[in-house]
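What follows is the residue order along each chain.
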Amino acid sequence: MQYTEGNTTRPCSRNVVRVSWLKMADSSSSSKPEVKPSAEQGAASGAGASDEGSSSKKEEAEGIQCEGAIGGAIGAGRKTRAAADSDEEDGDAGYEDEDDDDGAYDDEEDKEGFMKMLQNFLMTKLHIGGAEDAPKVLDEVTVDGIVKYIQSGQCKNIITMAGAGISTSAGIPDFRTPGSGLYSNLEKYNLPCPEAIFDIEYFKSNPKPFFVLAKELYPGAFNPTPSHWFIRLLHEKGLLLRHYTQNVDTLEHVAGLPAEKIVEAHGTFRTSHCLHCRKEYSQEWMKDEIFKDNIPTCLDCSGVVKPDIVFFRESLPPRFFMLTQVDFPKCDLLIILGTSLTVQPFASLIDNVPSTCPRLLVNREKAGSLDPMMALLQGMGGGGGLALDSARNTRDVALLGDCDDGCCKLAELLGWKEDLQGFLTSKK
Ligand code: OAD
Ligand code: ZN
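What this report covers is the structure whose coordinates are included nearby.

Regarding the coordination of the zinc ion (ligand 2)
Then step 1. Ligation of the zinc ion (ligand 2) by protein atoms is provided by Cys274 (SG), Cys277 (SG), Cys298 (SG) and Cys301 (SG), these donors lying 2.3 Å from the ion.
Then step 2. For the zinc ion (ligand 2), the 4 donor atoms are set out with angles of 98 to 118 degrees between them, so the coordination reads as tetrahedral.
Then step 3. The sequence motif formed by the donor residues of the zinc ion (ligand 2) is C-x2-C-x20-C-x2-C. Of the two residues, Cys274 is situated in strand β5 (residues 267-274) and Cys298 in the loop between α13 (283-291) and β7 (305-309); the sequence distance between them amounts to 24 residues. As far as the burial class goes, Cys274 and Cys298 line up, both buried.

Put into structure tokens, the structure is as follows:
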């Protein structure tokens, strides 16, 4: 949530680079959930500038730091251009950007063409950014390459990282999809900004909206999706080192994944604690309170009791930090499913695997990608992220579309179609 402050220090004169540096600079800085401003979100920020303005007074009054980056359309085609525009609207108009004047980045295609040209030039003339140095794990950087790798026996430790996209087909909305995402549908709560509903300071001052929403979305009424069953299948095949999820819907448990295989990075609804005296309460107790439309209060001290899901500005569970350190260096394949990779520190986990470890993104859209300029700078010690569009890419693959379709396709290619079907029909 600090990136807007970060905009005041400008390491570079090009917007393209500046946005990315900020994104990378923020990415490892906090152990508390923060929204990372992807270039796409920059676009949304520009589109939603008036909302941002209208909310800022409320934010001031309530002491909430809101992103202002959510709520506008997320248009992949206008990311860096619109991000640049939004910088100007953020009071950055006096900041000189030579690209604005010469129209070099009039559209995305021009920019991509220019980037490729620059990249080729640097690769051939200066030997910067070539793909020659990284040892290859994949025969081909495609879904088939990933499948062959899994079948080779060399890939023993798979980590899955998931977000709300693996549960949308169960009827649970994600957060940021324009229109259907939770953050587009919170008007009735009159929040200073959508994320306030999960902000600990806002919750302390006004817990009601959260509990109204919790009743609506209470876990238990939903069934696991084929994506959850695919993850269970990886476990049954002896390949799953760990499943890291940002979801609090507990559907991994319902799909029968053992608790020791799951890291619930953003906490869980299964336990709750009094914010004042820390007395613990059970899921049943909390559910009862929520369904009675009560604001759950502690039987000992009358403090508000909150489910143990991680709010913005709260720390992630110690288990997250303990296991990420042990697991990620051992990872042979990272599968990222249904997440926009915008919330830190979770999003940066993708950079904690070994530098040759293949990474497969299964999502409706590209996420966690390097900006083209960052991709170029990677060879000069640039930051992390998926190198899906980089000439240096030897390991990152995107399987774009619905998670469930992607997981079914993977199961089929791996020869596990019947195993998956077995789970889906018996739901065991
Ligand atoms: P987001 O809503 O940010 O991103 C969901 C991603 O999944 C988007 O890229 C969607 O396009 C994609 N998606 C949605 N449905 C899909 C489907 N059926 N198949 C494939 N892709 C699909 O959700 P998260 O990344 O999980 O944190 O959000 C991360 C965190 O932000 C949450 O844990 C929550 C939220 O604020 C806290 O509240 C602390
Ligand atoms: Zn208490």
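Moving on from the model shown.
A word on the site of ligand 1
Then step 1. The environment of ligand 1 is formed by 25 residues, the closest being Arg176, Tyr183, Thr339, Ser340 and Glu365.
Then step 2. Between Phe175 and ligand 1, the recorded distance is 2.7 Å, taken from a backbone N or O atom to an oxygen atom.
Then step 3. Thr339 places a side-chain nitrogen or oxygen 2.7 Å from an oxygen atom of ligand 1.
Then step 4. Residue composition of the shell around ligand 1, grouped by class: 9 nonpolar, 11 polar and 5 charged.

Focus: the state of the cysteines
Then step 1. For the structure shown, the criterion picks out 0 disulfides.
Then step 2. Cys407 takes part in no disulfide bond, and the closest cysteine sulfur, belonging to Cys403, lies 6.1 Å away.

Digging into the packing of aromatic side chains
Then step 1. The tally for this structure, following the rule as stated, stands at 16 aromatic pairs.
Then step 2. Seen in terms of ring centroids, Phe175 and Tyr183 are 5.3 Å apart; in terms of plane orientation they differ by 50 degrees. Their pairing is tilted.
Then step 3. Overall, the relative accessible area of 5% leaves Tyr183 in the buried class.
Then step 4. With a centroid separation of 5.9 Å and 70 degrees between ring planes, the pair formed by Phe175 and Phe198 is classed as edge-to-face.

A short note on the sheet that holds β5
Then step 1. Spatial ordering of the open sheet is given by β6-β5-β7, a layout of 3 strands whose pairing is antiparallel. Every interior strand has two partners, whereas the edge strands, β6 (280-282) and β7, have only one. For this sheet, the mean inter-axis angle between neighbouring strands, taken without regard to orientation, is 40 degrees.
Then step 2. Here 3 bridges tie β5 to β6, and the two strands are oriented antiparallel to one another. Bridge assignment links Thr271 to a residue of β6, and that residue is Ser282.
Then step 3. Docked against the sheet, helix α10 (residues 208-216) engages β5 and β7, running at close to 60 degrees with respect to β7.
Then step 4. The strands that α13 touches are β5, β6 and β7; relative to β6, the one it contacts most, it runs at about 75 degrees.

Structural notes on the sheet that holds strand β2 (residues 158-162)
Then step 1. Spatially, 6 strands are ordered β4-β3-β2-β8-β10-β11 in an open sheet, and the strand pairing comes out parallel. The outermost strands of the open sheet, each flanked by one partner alone, are β4 (262-264) and β11 (396-400). Taking each pair of neighbouring strands and ignoring which way they run, the sheet shows an average axis angle of 15 degrees.
Then step 2. Alignment of β2 against strand β8 (residues 333-337), held across 5 bridges, turns out to be parallel. Opposite Ala162, over in β8, you have Leu337 as the bridge partner.
Then step 3. On the sheet, helix α16 (residues 403-413) packs against β8, β10 (359-363) and β11 and is oriented at approximately 135 degrees with respect to β10.

Definitions and limits used
Residues numbered from 1 in each chain as written. Chains lettered and ligands numbered in written order. Predicted model: local features only at pLDDT ≥ 70, side-chain atom pairs only at ≥ 80, totals over all residues. Heavy atoms only, no water. Donors = N, O, S within 2.8 Å, 3.2 Å for Na, K, Ca; no water. Tetrahedral: all angles 85-135°; square planar, octahedral: opposite > 155°, others 65-115°. Helix = DSSP H or I, 4+ residues; strand = E, 2+ residues; numbered from the N terminus. Buried < 20%, exposed > 50% of the residue type's maximum accessible area, 1.4 Å probe, protein only. Near = heavy atom within 4 Å. Polar contact = N/O pair within 3.5 Å; in protein donor to acceptor, adjacent residues only side chain to side chain. Nonpolar A, V, L, I, M, F, W, Y, C, P; charged D, E, K, R; others polar. Disulfide = S-S within 2.5 Å. Phe/Tyr/Trp six-rings, centres within 6.5 Å; stacked < 30°, edge-to-face > 60°. Pairing = 2+ DSSP bridges. Axes fitted to C-alpha atoms, helices over the stretch in contact; angles between N-to-C directions. Contact = heavy atoms within 4.5 Å.

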